[in-house]
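# Inside the fold
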Amino acid sequence: MLAAPATTASWVVCSVTSRRIHASSASLPQRSLSLFQRRCNYTSSLNVPRHVRKLFCVQVKVPDGVSTEQGEEDEACELVNGVDLLIGEGKDTIHAYLLKAVKNNNGSGVLLLSDVFGFEDSATRDFAYRVACNGYNVLVPDLFRGNPWRKDQPRSEFNKWLQTQIPLRVSKDIDLCTKWLIDEFKSAGISEKLGLIGFCFGGGRLIETLARDTNSNFATGVCFYGTRMDPSLCKPIQVPVLFISGDEDPLCPVSVLEEMERNIKGAKVAVYRGRGHGFAHRPESQEEDKDAEDAFVVTRTWLQEKLLASVARSVV
């Protein structure tokens, strides 16, 4: 369980063995030097000490022959710990990955719902890691029970694969992970309000999750280019939702987002011109990279205003 904090937001997971993330072993992006430099530039823009920026930057593997400023690519990150979890019992057990902020833990939790490539995908893990580096405790569940969509599968098989992901089972797994987080927060004596982030497939499930959140577990949501979203589910949603997408995304029409914005109190839509599906966590060009960074900053600000403010009110 989560141990009660000796000081505010200093708790850690103690029911499982924590494994500190290393650049050599973590499922973090290893795409290019420009991505490494992007991470360094990003952390340099934060008003944090130089040694903290270094710890962030070394998490991204750089090409052979290129070293970091301190030559410490294999240094463990002292900001975030990663833990593999099994949640539930028997046939209802699911795998999940928990990224815990250590030194700057703000005492709040985020449930992150992945796209169809699953919870072990490097792009998803990278985004979750970056959220955790900003002080959050991020749980990423295996929504597909070990059977995510693989990039090498024929596109013609996608609908057949999708049919194997039974909506009721996925919903139950999300609810199980939500309950696990809430129970851990209760036992630690800290905030019981969570944030919810969803990408693509997970974005669609985010709307469904908030619509059935009768216990008010979530304080806010951030939906990245959600697919198969049903605007009719908006009415029961009582928390602000940030929608992020590109205006050239055929899987997430802007008209749908605008309809949802009108029907969810406090909702906001951020549309990036010329961007298609997946740009914010899978940028494929320098131009997309720039918008991806902006989308992350917008997300960070939203969580600070909507989630951390709620956490602060709940502990007063």
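- Going by the annotation in an unreviewed UniProt entry, the name recorded for the chain is Carboxymethylenebutenolidase homolog, with Rhynchospora tenuis given as the source organism.
- Word for word, the UniProt comment on the chain under Subcellular location (unreviewed entry) is "Cytoplasm, Cytosol".
- Under Sequence similarities (unreviewed entry), UniProt gives the following word-for-word description of the chain: "Belongs to the dienelactone hydrolase family."

### Side note on the overall build of the chain
- Helix and strand counts for the chain come out as eight helices and nine strands.
- When each of the 316 residues of the chain is scored for burial, the buried share is 54%.
- Pairs at least 24 residues apart make up 69% of the contacts formed inside the chain by residues separated by at least 6 positions.
- Accessible surface, the chain as shown: approximately 14,500 Å² in total, 49% of it carbon and sulfur.

### As for the packing of aromatic side chains
- Taken as a whole and judged by the stated rule, the model has 13 aromatic pairs.
- For the pair Trp 149 and Phe 158, a centre-to-centre distance of 5.2 Å together with 80° between the ring planes defines the contact as edge-to-face.
- The class for Phe 158 is buried, based on a relative accessible area of 9%.
- Every member of this aromatic cluster is reached through a ring pair, and the members are Phe 127, Phe 199, Phe 224, Tyr 225, Tyr 272, Phe 279 and Phe 296.
- The ring of Phe 119 has Arg 125 sitting right over it, with the charged end atom 5.3 Å from the ring centre.
- Its end group placed over the ring of Phe 296, Arg 130 keeps NZ or CZ at 4.2 Å from the ring centre.

### Details of the nonpolar core
- Residues Leu 111, Val 138, Leu 139, Ile 197, Phe 224, Phe 243 and Ile 244 are the most contacted members of the largest nonpolar core, which totals 80 residues.
- Among the elements that line this core, the one with the most residues is helix α5 (residues 167-188), at eight residues.
- Ignoring sequence-local partners within four residues, the contact set of Ile 244 consists of Val 222, Cys 223, Phe 224, Tyr 225, Ala 270, Tyr 272, Phe 279, Ala 295 and Thr 299.

### Here we look at the pairing of strand β8 (residues 241-246)
- Burial of β8 is extensive: six of the six residues sit out of reach of the surface.
- Taking every second residue as pointing to the same face, both faces of β8 are buried, with Val 241, Phe 243 and Ser 245 on one and Leu 242, Ile 244 and Gly 246 on the other.
- Relative to β8, strand β7 (residues 218-224) runs parallel, the two being bridged by four bridges. Within β8, the position partnered with Val 222 by the bridge is Leu 242.

Criteria and cut-off values
- Residues numbered from 1 in each chain as written.
- Predicted model: local features only at pLDDT ≥ 70, side-chain atom pairs only at ≥ 80, totals over all residues.
- Heavy atoms only, no water.
- UniProt positions renumbered as here; feature names shortened; annotations may be inferred.
- Helix = DSSP H or I, 4+ residues; strand = E, 2+ residues; numbered from the N terminus.
- Buried < 20%, exposed > 50% of the residue type's maximum accessible area, 1.4 Å probe, protein only.
- Contact = heavy atoms within 4.5 Å.
- Areas by Shrake-Rupley, 256 points an atom, 1.4 Å probe, with all protein chains shown as cover.
- Phe/Tyr/Trp six-rings, centres within 6.5 Å; stacked < 30°, edge-to-face > 60°.
- Lys NZ or Arg CZ within 6 Å of the ring centre and 35° of its normal.
- Core = buried A, V, L, I, M, F, W, Y, C linked by side-chain atoms within 4.5 Å.
- Pairing = 2+ DSSP bridges.

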